[in-house]
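# Working through the structure, step by step
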Amino acid sequence: MKIYTPLYFRPEELLPPEVFAELGARGLLLFPADLLRVADRLREIVGRLQCNTWYWHRGAQTQCYRGFRPYDCKIGAKRSMHKMGLALDFLPLDTSVEDCRKVIQEQHQQDFAPIRRLEKNVSWLHLDMMPTGDQRLVLFDG
Ligand SMILES: [Zn+2]
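Residues numbered from 1 in each chain as written. Predicted model: local features only at pLDDT ≥ 70, side-chain atom pairs only at ≥ 80, totals over all residues.

Scanning the chain from terminus to terminus reveals five helices and five strands. Reading the secondary structure of the chain in the N-to-C direction produces α-α-α-β-β-α-α-β-β-β. A compact globule built from 142 residues would reach a C-alpha radius of gyration of about 14 Å, and the chain, at 14 Å, matches this within 12%. Expressed along its principal axes, the backbone C-alpha trace of the chain runs to roughly 35 × 35 × 30 Å. When the 142 residues of the chain are sorted by exposure, 32% land in the buried category. Excluding contacts between residues fewer than 6 apart, the proportion of contacts in the chain whose partners are at least 24 apart in sequence is 55%. (Helix = DSSP H or I, 4+ residues; strand = E, 2+ residues; numbered from the N terminus. Rg over C-alpha atoms; globule rule 2.2 N^0.38 Å. Buried ≥ 20, exposed ≤ 12 C-beta atoms within 10 Å, placed from the backbone. Contact = placed C-beta atoms within 7 Å.)

Our focus in this paragraph is the packing of helix 3 (residues 33-46) against helix 4 (residues 97-106). It is at 11 Å that the axes of helix 3 and helix 4 come closest, and there the two elements cross at 115 degrees. Seen from above, helix 3 lies across helix 4 with right-handed handedness. Along its contact with helix 3, which presents Leu42, Ile45 and Val46, the element helix 4 presents Asp99, Cys100, Val103 and Ile104. (Axes fitted to C-alpha atoms, helices over the stretch in contact; angles between N-to-C directions. Left-handed = near helix turned anticlockwise from the far one by under 90°.)

Turning our attention to the nonpolar core. One finds Leu14, Leu35, Ala39, Leu42, Leu88, Ile104 and Leu127 to be the most contacted residues of the largest nonpolar core, which totals 28 residues. Elements with a contribution of two residues or more to this core: helix 3, strand 2 (87-92), helix 4 and strand 4 (125-128). If near-sequence neighbours (up to four positions away) are discounted, Leu127 is found in contact with Ala87, Leu88, Ile104, Ile115 and Leu118. (Core = buried A, V, L, I, M, F, W, Y, C linked by C-beta atoms within 7 Å.)

Read from one edge of the open sheet, five strands run 1-2-4-3-5, paired in mixed fashion. Only two strands of the sheet have a single partner each, and these edge strands are strand 1 (49-50) and strand 5 (138-141). Pairing analysis gives four bridges linking strand 2 to strand 4, with the strands arranged antiparallel. Within strand 4, the residue paired with Phe90 across the bridge is Leu125. Where helix 4 meets the sheet, it contacts strand 2, strand 3 (117-120) and strand 4, and its direction lies at approximately 30 degrees from that of strand 4. (Pairing = 2+ DSSP bridges.)

For the rest of this paragraph, the subject is helix 3. The end-to-end C-alpha distance of helix 3 is 20 Å, a good match for the 20 Å that 14 residues give at a rise of 1.5 Å each. Structurally, helix 3 contributes buried residues whose contacts are with strand 1, strand 2 and helix 4. Phi for Gly47, located one or two positions after helix 3, is positive at around 95 degrees. (Expected span 1.5 Å × (residues − 1).)

With five of six residues buried, strand 2 is to be regarded as a mostly interior element. Here strand 1 runs beside strand 2; their pairing, made up of two bridges, is antiparallel. Opposite Gln50, over in strand 2, you have Leu91 as the bridge partner.

All right, on to the environment of Leu49 then. Within the element layout of this structure, Leu49 appears in strand 1. Residues Leu49 and Phe90 lie 41 residues apart in sequence; the distance between their C-alpha atoms is 5.7 Å.

What follows covers the environment of Arg48. By secondary structure assignment, the location of Arg48 is in the loop between helix 3 and strand 1. Sequence separation between Arg48 and Leu29 is 19 residues, and the spatial gap between their C-alpha atoms is 23 Å. Every residue in contact with Arg48, bar those within four places of it in the chain, is listed here: Leu93 and Asp94.

In structure tokens:
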């Protein structure tokens, strides 16, 4: 199997430190390639997207679990799609979260078809590939 290497994200940005320490770049296999591809596509359209920051900034405010979450992770929902490698959280640096949601909704068929759900009413962009049984994009309240 060939690892899809994202163009705009290092493995350290999508994996928590303990998983990266164990698996290195091969940890990207925890995500479906389609999820990494749509992240790259979104980055091309909306500009910089911040995921985990632990590689650059240590300390209390650092982000470790915006991408993949180990099963025993206490952050977020117990059965979160992040624990299946099917979700990513981003903070856009060049535009607003609302604008990112709008772009994904408007260009869903062309560019973001693998995305099944966006979380609404949160201050970050959560996108995931939860199998919902159809092709539509769902906005859900977390
Ligand atoms: Zn999330």
